[in-house]
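Take a look at the letters that make up each chain.
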Amino acid sequence: MSSFPYEDRYPVHRTLPEHGTPREEVLAALSTMATEEDTFWETGRCSGTMYCGDHEHYGFINQAFALYSHVNVLQRDMCPSATKFEAEIIAMTLDLLHAGAVGGSQPAGLVATGGTGSILHAVLAYREHAAATRGVRRPNLVKPETAHPAFDKACHLFGVELRRAPVDPVTTLVDVGWVDDHVDDETVAVVGSACNYGYGTIDPIEELAEVTRRRGVGLHVDSCLGGFILPFGQELGYDIPVFDFRIEGVTSISADTHKYGYALKGSSVLCFADQALRNAQYFFLTDWSGGKYCSPGIEGSRSGGLLAATWAAMVQLGREGYRRYARRIFETAEAMQGAVRSHPELRLLGRPTFLFSFTSDEFDVYHVNDFLRTRGWRLNGQQYPNALHMAVTRPQTASGVAEAWADDLAEAVEYAKKHAEEAPRSGAIYGGVAGGMTDEADAFIKAVMADMLDGQQALPTEG
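This report concerns the structure included in the present document. (Residues numbered from 1 in each chain as written. Predicted model: local features only at pLDDT ≥ 70, side-chain atom pairs only at ≥ 80, totals over all residues. Heavy atoms only, no water.)

1. Some details on the packing of aromatic side chains
No. 1: Inspection of the entire model under this criterion finds 19 aromatic pairs.
No. 2: When the ring of Tyr68 is compared with that of Phe85, the centres are 5.3 Å apart and the planes differ by 90°; the resulting orientation is edge-to-face. Taken together, the residues span a long stretch of sequence, with Tyr68 in helix H2 (residues 55-68) and Phe85 in helix H3 (residues 81-96) at a distance of 17 residues.
No. 3: When the ring of Tyr262 is compared with that of Tyr325, the centres are 5.7 Å apart and the planes differ by 90°; the resulting orientation is edge-to-face. Placement of Tyr262 in the loop between strand E6 (252-255) and strand E7 (268-272) and of Tyr325 in helix H10 (residues 304-341) is noted, with a sequence separation of 63 residues between them. The pair formed by Tyr262 and Tyr325 is uniform in burial state, with each residue classed as buried.
No. 4: Counting every residue linked through ring pairs, the aromatic cluster contains Tyr51, Phe228, Phe232, Tyr238, Tyr260, Tyr262, Tyr322, Tyr325, Phe330 and Phe354. (Phe/Tyr/Trp six-rings, centres within 6.5 Å; stacked < 30°, edge-to-face > 60°. Helix = DSSP H or I, 4+ residues; strand = E, 2+ residues; numbered from the N terminus. Buried < 20%, exposed > 50% of the residue type's maximum accessible area, 1.4 Å probe, protein only.)

2. Brief notes about the sheet that holds strand E12 (residues 380-382)
No. 1: As summarised here, the arrangement of the four strands in space is E10-E11-E13-E12, forming an open sheet in which the pairing is antiparallel. Two strands close off the open sheet at either side, each with one partner strand: strand E10 (346-348) and E12. Averaged over all neighbouring strand pairs, the angle between strand axes comes to 30°, with direction disregarded.
No. 2: Relative to strand E11 (residues 355-360), E10 runs antiparallel, the two sharing three bridges. Paired with Leu346 across the bridge in E11 is Ser360.
No. 3: Each of E10, E11 and strand E13 (387-391) touches H10; the most contacted strand, E11, lies at about 5° to it.
No. 4: Along the sheet, helix H11 (residues 366-374) makes contact with E10, E11, E12 and E13, crossing E13 at roughly 50°. (Pairing = 2+ DSSP bridges. Axes fitted to C-alpha atoms, helices over the stretch in contact; angles between N-to-C directions. Contact = heavy atoms within 4.5 Å.)

3. So, the packing of H2 against H10
No. 1: Two numbers describe how H2 lies on H10: the axes approach to 7 Å, and their chain directions differ by 140°. In terms of axis orientation, H2 runs oblique to H10. Crossing handedness for the pair H2 and H10: right-handed. Facing H2, whose interface residues are His57, Phe60, Ile61, Ala64, Phe65 and Tyr68, H10 presents Gly304, Gly305, Leu306, Ala308, Ala309, Ala312, Ala313, Gln316 and Leu317. (Parallel < 35°, antiparallel > 145°, perpendicular 65-115°, else oblique. Left-handed = near helix turned anticlockwise from the far one by under 90°.)

4. Focus on the pattern of salt bridges
No. 1: With the rule as written, the count across this model stands at 26 salt bridges.
No. 2: We note a salt bridge from Arg351 to Asp239, for which the minimum N-O separation is 2.5 Å. Highlighted residues: Arg351 in the loop between E10 and E11 and Asp239 in the loop between helix H8 (230-235) and E6, separated in sequence by 112 residues. The same class applies to Arg351 and to Asp239, which are both exposed.
No. 3: Linking Lys259 and Asp256 is a salt bridge whose minimum nitrogen-to-oxygen distance equals 2.5 Å. The burial state of Lys259 is the same as that of Asp256; both residues are buried. (Salt bridge = Lys/Arg side-chain N within 4 Å of Asp/Glu carboxyl O.)

5. Here's the deal with the pairing of strand E4 (residues 187-193)
No. 1: Within E4, seven of the seven residues are buried, which leaves it mostly tucked inside the rest of the structure.
No. 2: Of the pairings in the sheet, the one linking strand E2 (residues 140-144) to E4 comprises three bridges and is parallel in character. Bridging across to E4, Leu141 finds its partner in Ala189.
No. 3: When E4 meets strand E5 (residues 218-222), the two strands line up parallel, connected through five bridges. Note on E5: the bridge partner recorded for Gly192 is Val221.

Shape descriptors only; they carry no functional weight alone.
The following block contains the structure:
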C-alpha cells in the first residue's frame, strides 16, 4: 500500500519542477482524483461533511467563484461588488434569524471563514466589549460541555477562562442552574447550542437568556450547524423551539453558510444583536509606516470568490429552495431515527432534530459501527457514553438510502448481539477510555493525535 497519497500513480513533487506541467495534464490528474474521491460520499452513507452533494449546484457556485477567484475583498474601491455581496449575505442571515425582533440596537454581522472563524470572532468580540464597557480584565466564558471545541480553542487563544457546564445525561441539554451558579462579574458570555454537533439537540435558550439578562452578560447561540435548516424546519411545522433573536437576551448567533446554506467551504455568518458588540473586535493601526491599517476581523486578505459563491447560492435557492431541501432532510431523518427506535437494544440520545445520536445499554455500540463500516457507512463516533451519530444531509435523501440504512442497521444489531463479549474494532478509535479519562490516557491520546496530524502535514516521502 502506498505510504504517500497517489505516489504510485502520479509524480511526487518534492521541489518546484524546473519545467511546468501542461495544463491538460494537471487538470486530468485533478479530475481523476476528485471523481474517485467523490464516490465515497455520493452513496449517501457518509454522515455530514457533504451538505449539498449536488454537482449541478456545485457547478453553478463554482462559476460564481471563478468570476471573483482572483479578487481580494480588501480592495473595495476596485471591487465594490464585494460590499454588495457581503452586506446582502449578512442581511439575509439576520432576517432568517429574526433580527427584526431586536429592539433598541442596530443588528449587524460579519462573514467569517467557517464555524470556528465565527466562534473565534464571537469570543474575541465579547472579551473586547466587556473590557471596554465593564472593565473586565480576567474574562471567563461559560459553555455546555457539548458545545463545539472551537470555544475551547478561542478561549485558549484569547486568554479567556473556560467554564464547562455539565449536561443532563438523558436530555443532553445544559444544566441551566449550574450555569447560573458559575456566572460572575468577569463572565463575558454564556453559550448555548442550536443544535449541538454531538447529539443534534437544542439547549434551553430561553432559560439561558433569562440567566444572562438577569446577570447582565451576553448570550451566544452557536447555530453553525442548524442556522440554515432549523428555521425552515420551524416553518414546516416541526417541533423546534425558538432559539434566535426573537428571544430577548440572545446577543449573537453563528450560522454556517457552508453547511446547510449550501455555499462553498470557508463561509459562515456571525450575527450580532448590537453593532457595538461586533465593532468591539475591529482592529486598527494608525501609525504604521506602511500606512493606516484596519480590518473587520482576524483575517486580512479574503477571497472575493467565496463571497460571490455564497451570495449566489443564497439568492438562487431562495426560501422556497431551502425549505424544499429541509423538508426532505427532516423526513429522511425521521425515517432513519425510526429505524433506530425499532430496535429495543438501541437508544436515541435526547430529542434530536435532523442530526441524531444513538447508543446501546446492552452492548458496546461500536460493534454496530464495525458492521456498518463493512456496508460502506461512515458514522461519527462519540464517547461518554460511546455513541454513533448521523448528520442527515442531502445525499441521504437520495432514493433508497434510508431503506438501506434500515436494512443494514438491522443486520448490524444482530452482529453486535453476537459479538457482545468481544472488544469492538472501532472502539479503540472512537470510544471513551474505560473507567474515564486519566492524565496518562490523555497524554497518550494526544500523542497519537499529534502523530496523525504530523502525517497529514508531512512532506512527501523520499522515492
